Structures are given as structure tokens and as C-alpha cells.
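Residue-level structural notes
One letter stands for each residue in the lines below.
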Amino acid sequence: MKRVLVTGGAGYIGSHTIVELLNNGYAVTSIDNFSNSTSKTFDRIFKLTGKKVKNYNIDLSNHKKLESIFKDQEFDAIIHFAAFKAVGESVHEPLKYYDNNLGSLLGALKIAYNCNAQSIIYSSSATVYDQNEKTPFTEKSNLNPLSPYGMTKKIGEDILFDYFKNNSNLKILSLRYFNPAGAHPSILLGENPKGIPNNLIPIITKSLKEKKSFAVFGNTYKTPDKTCIRDYIHVVDVARAHISALKYLEKKEIRIYDVFNIGTGYGTSVLEIIKAFEKNNSVKLNYSIKGKRQGDVPILLANVKKAKKILSFKIKYTIDDIVKTAWEWEKKNLS
Ligand code: WQD
């Protein structure tokens, strides 16, 4: 059985990925200090899979402690999710982001080195691209992250590439996620942001639950309905992409560093999300059109040909699944 260490295992994408890993026969260990998640997630993973996951509650920036804990362990692969991810917050607290996101990546790499993990999958983001590049973005599109959060993801990719160049047997993939959304179909796992949510779909579900209004940022964009278009991908599909990535690395005989877009290739506008949400959940949303949000571009889509061809990755879930599961999850109110 292949042994995988997941960092940020109680987090939104981490927890969904652990379920897919366990269901595909991998043995999973996790590191999560619950800075933006809850330990109850592991009980729900057990409920879903019948399998227990050992979690180490430590900060990945604490390299000394990592060394003693993982002294005698071995892993085949590390999937590194643990990071702060609020774009807006990163602008106001850049050092917090550089400190945490880079410190935790270095911690994960030290574990990979000490535990002989030859495969590393890194959680990167579409936010690394130059937003003024022609969309859909391919993996060759220019990079130019605007926020400190985006910079940490790009620097993370650079660190991995430098590390790769000096190692004779490493296999590393950076996965650039577009807009992950939705919850597990069992409604046992989902996104649970502490404080005010940052992304459109959790903002919608929270405002509906609290009977408040939310803002649509701008309706004068050059798009068919004049609102921004994004590439929303169901979180279980994002999780499944990691299984495709691992299986690809397992087949690969030689060392490799590569980058893949993880999206759907389909665009959905803010108003289309609102309509799909209302239709699928038989609710009426309360929103008002506000000014454009700084930094937003009209259309941001993934070109997903590379992941389809090389990783054989195909999506399973639709926008309808995203909005339905997101609302079911919010209603269920698991914390
Ligand atoms: C989606 C659309 C908004 C809130 C960010 C990160 C990216 C990735 C995903 C992780 C936009 C509109 C939003 C609201 C709105 N994350 N909107 N009202 O900005 O595409 O991408 O999250 O790596 O890196 O940059 O996602 O969910 O914030 O916005 O109208 O209250 O919804 O203008 O068009 P974004 P988002």
C-alpha cells in the first residue's frame, strides 16, 4: 500500500482529497494544526470511509519538532495543502502569508527529504497567472501574481523547481486550481471558513442563511451578461485530480517537475451562478449590483487540455452539483 502524507488534511481541499485517497487504497497520514479547520473533520472522514487517519497537530513551520516526529517514518508521496489562502487578507498582512506559506512548504520538503518521499504534489493556484494574459490560461501563460498570497504560491513553485533540479529522483507536480467550490455529496465535508468568507459561493450561502444581502461586483464587464466569468470546479473533482496526479507519478520511471491547470475549461458568470443556485435550491437570493472589485478581470478560464491528456483527468460534477451541495452543507451547519 502506498503511504501518503497530506499536509492541511483537515482543510477544505485536503479533507476531500483524503477521502479519495482512502477510497483508492492509499494509507494516509495527516499534519494539520487546525488553524483554519476542525479536528471533527477526521471523525467525518471515518464515517465516510470507515478508515482512521493519524493526524499530527503541529505547525509545519516548526521544523525542529517535525524532525523529531518524522525521524523514523517513510512516505511514498507528500501532498502539500497547508497554507493561508485569503487573497484580501494577504494584502494587509503580507508577512503572515510569507511566513506561514513558505515556512510550511519548507517544513513539508524537509519531511519529504527525511522520509524518502519521492513524489510531491503542491497545491498552487490560478492566481499565479498574469491576469491580463489571454484567457483561457495554458500552463505556459505568463505569471504575475498580484497579491502576497499569489506570490507565496509562485515562490513555492520556484522553490520546488530549484529543489527538483538538485535531486536525482524527485517527481514533483504543481497543480494550479481555478475556483474550487461546493461540498462533499454526503454533506459531511465542506468549506468552513473562520470569519467572513472570501469567495463567491460561501458568501452566497452565508448571506442566504443569515437572510442578508450580498454584492455582485460589477455589471459592466465585456461578457454576455456583463458580470465576471470564472472557472468553478467541484471540490471533489479537485480532490480526484490528486489521485490522477499520483497515479501518473507512480507510472513515471524518471524524475519530473511539471505544472497542471486544474479547472473545467467552462466559464460561469456571477449571474449564472445566482440563477443556478436559485433554481437548484428553490430559493430567492437577495443581492444588489455594486461597483467592480479592484483587481477582478472579466473572464478567467483554465485551458485543461494538458491535465486531460497527460493525467487522464476528467471532471464528474457540474455547476448544479456545486450550488446544491454548497447550500446543503451551509444548512447542515457542521462546524
Ligand atoms: C468569483 C467571482 C467576483 C464575491 C479567488 C482567488 C483564486 C482562487 C479562487 C485560491 C468574481 C465575484 C465575489 C462577492 C461577487 N483561490 N464576487 N461578489 O477572485 O475568481 O479567485 O478564489 O487559490 O486564487 O483569487 O474568486 O470567489 O472571490 O470571485 O460578485 O461577494 O465572484 O467579482 O467575479 P476569484 P471569488
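To keep things clear, this report deals only with the structure shown in the data block. Worth saying up front: this structure is predicted, and the values here are computed from it rather than measured. (Residues numbered from 1 in each chain as written. Predicted model: local features only at pLDDT ≥ 70, side-chain atom pairs only at ≥ 80, totals over all residues. Heavy atoms only, no water.)

**Here we look at the overall build of the protein chain**
Secondary structure summary: the protein chain contains eleven helices and 14 strands in total. Taken over the C-alpha trace, the protein chain has a radius of gyration of 19 Å; the compact-globule value for 335 residues is 20 Å, and the two agree within 12%. The principal-axis extent of the C-alpha atoms belonging to the protein chain is close to 55 × 40 × 40 Å. In the protein chain, which comprises 335 residues, the share counted as buried stands at 55%. Computed over 49 positive and 32 negative side-chain charges, the inter-centroid distance for the protein chain is 3 Å. (Helix = DSSP H or I, 4+ residues; strand = E, 2+ residues; numbered from the N terminus. Rg over C-alpha atoms; globule rule 2.2 N^0.38 Å. Buried < 20%, exposed > 50% of the residue type's maximum accessible area, 1.4 Å probe, protein only. Lys, Arg positive; Asp, Glu negative; His and termini not counted. Charge placed at Lys NZ, Arg CZ, Asp CG, Glu CD.)

**Here's the deal with unusual backbone geometry**
A cis amide bond links threonine 135 to the next residue, proline 136, at an omega of 0°. In this structure, asparagine 116 takes a positive phi of about 60° despite not being glycine. Even without glycine at this site, serine 312 takes up a positive phi of about 55°. Mapped onto the secondary structure, serine 312 falls in the loop between helix H10 (305–310) and helix H11 (319–332). Given the relative accessible area of 57%, serine 312 is considered exposed.

**Thoughts on the site of the ligand**
Inspection of the region around the ligand gives 19 residues, with Tyr149, Leu200, Ala215, Arg230 and Asp296 positioned closest. Measuring from an oxygen atom of the ligand, one finds a side-chain N or O atom of aspartate 296 at 2.5 Å. For the ligand, whose accessible area on its own is 680 Å², the fraction buried by protein is 89%. Sorting the residues of the shell around the ligand by element identifies helix H7 (200–209) and strand S8 (214–217) as the ones contributing at least two each. Take the shell around the ligand: its biggest share by element is three residues, from S8. Residue composition of the shell around the ligand, by class: eleven nonpolar, five polar and three charged. (Near = heavy atom within 4 Å. Polar contact = N/O pair within 3.5 Å; in protein donor to acceptor, adjacent residues only side chain to side chain. Areas by Shrake-Rupley, 256 points an atom, 1.4 Å probe, with all protein chains shown as cover. Nonpolar A, V, L, I, M, F, W, Y, C, P; charged D, E, K, R; others polar.)

**A short note on helix H5 (residues 94–114)**
Given a rise of 1.5 Å per residue, 21 residues ought to cover 30 Å, and the 30 Å separating the end C-alpha atoms of H5 matches this to within 8%. Buried within H5 we find Tyr97, Asn100, Asn101, Leu102, Gly103, Ser104, Leu105, Gly107, Ala108, Leu109, Ile111 and Ala112. Backbone geometry just after H5 places asparagine 116 at a positive phi near 60°. (Expected span 1.5 Å × (residues − 1).)

**Focus: the sheet that holds strand S12 (residues 268–269)**
Spatially, S12-S9-S14 is the arrangement adopted by the three strands of the open sheet, whose pairing is mixed. Each end of this open sheet is capped by a strand with a single partner; those strands are S12 and strand S14 (299–300). When strand S9 (residues 229–230) meets S12, the two strands line up antiparallel, connected through two bridges. Pairing of arginine 230 across the sheet is with threonine 268, part of S12. (Pairing = 2+ DSSP bridges.)

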